Amino acid sequence: MPQHVPSPLRASLPTASQHPPALPPHPRRIVFLAHRDLGNRSAGGSELLVDRLADGLTRLGHQVTLLCGGPAAYRDYRVVSAGGSYGHYLRARSAFARQVGDCDLLVEVCNGMPYFSPLWHRGPTLCLVNHVHTDLWSMRFGGALAPAARLGRRLEHWALTGAQRRSLMVAVSPSTAHALRDLGVERERIRVVHNGVEEPGPLGERSPEPLFVAVGRLVEYKRIDLLLRLWERVRPVTGGRLVIVGDGPERQRLQQLAGPGVEFVGHVSEAEKHRLLCAAWLLLHPSAVEGWGLVVTEAATRETPTIAFDVPGLRDSVVDGETGVLAQGESSFAAAWCTLALSGHRRELMGKAARDRAARYRWDRTVRQFLAVAGEAVKGHDAYAP
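None of the values given here were measured: they were computed from a predicted structure.

A.B. asks: It is not clear to me how helix H3 (residues 87-100) should be interpreted in this structure. Could you clarify?
C.D. replies: Every α-helix carries 3.6 residues per turn, so stepping three or four residues along brings you back to the same face. Here H3 spans 18 Å end to end across 14 residues, near enough to the 20 Å set by a 1.5 Å rise per residue. Regarding H3, the residues found buried are His88, Tyr89, Ala92, Ala95 and Phe96. Buried-residue contacts for H3 involve strand E1 (29-34), strand E2 (63-68) and strand E4 (105-110). Immediately downstream of H3, the backbone of Gly101 shows phi near 95 degrees, a positive value.

A.B. asks: Is there a simple way to explain the packing of aromatic side chains in this structure?
C.D. replies: Here a ring pair, both rings aromatic, is described through the centre-centre distance and the interplanar angle of the planes. Using the criterion set out here, one finds ten aromatic pairs in the structure. When the centroid spacing of 5.8 Å and the interplanar angle of 25 degrees are considered together, the rings of Phe32 and Phe370 count as stacked. With a gap of 338 residues between them, Phe32 in strand E1 and Phe370 in helix H14 (residues 363-379) connect regions that are remote in the sequence. The residues Phe32 and Phe370 share a single accessibility class, namely buried. In textbook terms, an aromatic cluster arises when at least three aromatic residues are bridged by ring pairs, as seen for Phe212, Trp231, Trp281, Phe309, Phe333 and Trp337. For the cation-ring pair, Arg223 lies above Phe309, with the distance from its terminal atom to the ring centre recorded as 4.9 Å.

A.B. asks: Could you clarify how one ought to interpret the packing of helix H10 (residues 294-301) against helix H13 (residues 344-358) in this entry?
C.D. replies: If you want to describe how two helices pack, look at the angle between their axes and the distance between the axes. Between H10 and H13, whose axes approach to 7 Å, the crossing angle comes to 115 degrees. Considering their axes alone, H10 and H13 lie roughly perpendicular with respect to each other. For the element pair H10 and H13, the recorded crossing hand is left-handed. Residues Thr297, Ala300 and Thr301 of H10 touch H13, and the partners they reach there are Gly351, Ala354, Arg355 and Ala358. Considered class by class, the residues forming the contact of H10 with H13 number three nonpolar, three polar and one charged.

A.B. asks: Explanation requested: the nonpolar core in the structure shown.
C.D. replies: Note that soluble globular proteins tend to have their nonpolar side chains buried in a common cluster. With 40 residues, the main nonpolar core has Leu242 and Trp337 as its most contacted residues. Among residues more than four places away in sequence, those in contact with Trp337 are Phe212, Leu227, Leu230, Trp231, Val234, Leu242, Leu282, Leu284 and Ile307. Ranked by size, the runner-up nonpolar core spans 34 residues in total, among them Leu49, Val64, Leu294 and Leu371.

A.B. asks: What is the right way to look at the sheet that holds strand E12 (residues 306-309) in this model?
C.D. replies: Hydrogen bonding along the main chain pairs the strands of a sheet, whether they run parallel or antiparallel. The strand order across the open sheet formed by six strands is E10-E9-E8-E11-E12-E13, and the pairing between neighbours is parallel. The open sheet is flanked by strand E10 (262-266) and strand E13 (324-327), the only strands paired with a single partner. The mean inter-strand angle of the sheet, taken between neighbouring strand axes irrespective of direction, is 20 degrees. Inspection of the sheet shows E12 paired to E13 by four bridges, in the parallel sense. Looking at the pairing, Ile307 lines up with Val325 of E13. Set on the sheet, helix H7 (residues 224-238) makes contact with strand E8 (211-215), strand E9 (241-245), E10, strand E11 (282-285) and E12; between it and E9 the angle comes to about 160 degrees. Lying over the sheet, helix H12 (residues 330-341) contacts E8, E9, E11, E12 and E13, oriented at roughly 175 degrees with respect to E12.

About the criteria used
Residues numbered from 1 in each chain as written. Predicted model: local features only at pLDDT ≥ 70, side-chain atom pairs only at ≥ 80, totals over all residues. Heavy atoms only, no water. Helix = DSSP H or I, 4+ residues; strand = E, 2+ residues; numbered from the N terminus. Expected span 1.5 Å × (residues − 1). Buried < 20%, exposed > 50% of the residue type's maximum accessible area, 1.4 Å probe, protein only. Contact = heavy atoms within 4.5 Å. Phe/Tyr/Trp six-rings, centres within 6.5 Å; stacked < 30°, edge-to-face > 60°. Lys NZ or Arg CZ within 6 Å of the ring centre and 35° of its normal. Axes fitted to C-alpha atoms, helices over the stretch in contact; angles between N-to-C directions. Parallel < 35°, antiparallel > 145°, perpendicular 65-115°, else oblique. Left-handed = near helix turned anticlockwise from the far one by under 90°. Nonpolar A, V, L, I, M, F, W, Y, C, P; charged D, E, K, R; others polar. Core = buried A, V, L, I, M, F, W, Y, C linked by side-chain atoms within 4.5 Å. Pairing = 2+ DSSP bridges.

Here is the structure:
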């Protein structure tokens, strides 16, 4: 398993709060360039983050446009589709020129495939990075598709260290900032802005019977297949149900692997998701890597602790032994699952600690931090320009 980010690096990475300059109070034109809109059925944490930023900036009086691929839904801010899920990468420049025209700040959401926006946009740019995909390319494109994985890694690497070499970078966690440093991005260009979470409503009832929940898009790196294998070891000890929330290309295969007590519920409403998080005894997050792990904080607001692996992103959102457990391997994951399932008192203590920590992360704080970095990017553009 990857090692913890060294504490000296954590201490030296700039955060948004260390860079207070903000954009002037009058509205500015801000464009987000991203893979999907939140209304896309494949949307996840990255799309939710962009939506909360765009909505928050709009409420503060800024003129915000989201330029994305695939379907574009109505929002309080403008959403423009640049084409299909993958074709829009090639059309982004022309769509920007045709449907946006100009802006005061272009925010490229770097989610694996780059847009290379600094090469064609002459104004200030900011790069928003959820997580670096280095090890995920081979998980997504294996076997005969290995050349595509190598190409993807090279494009992402060059985009972050070459095309974006004059741009500030917003990382959503110290783990992502560390991954950027490993690629060669200068520490001075990295700012950490954490994800937020909604103000929690009233807590729902906890399930009287053991209920374990996993939430996320059903893709390879989320490793739900591993969770299903561990469930066969855990179920005889704990009993109860394992509910999988989310959809994706892996769903059919995963359903064929599922044993007794497993339920796939697909996409659910926000209200139903939070009802399940309230009812759950534990949130299970077996992902191989995350930028932050937004659902961990959502579960925390419901006093539900998380069991995850000690991997980038999740080691930032889960405090091991306090708000949940970070497992070093499959056996320790299963052991923690059984131990917490059988100890209601310990689960309750961890749930309350998770709730208290989650209170530090709210979307309005995220928007303010992002706005400070955006102002820094705009003001520093002349210094970075050739």
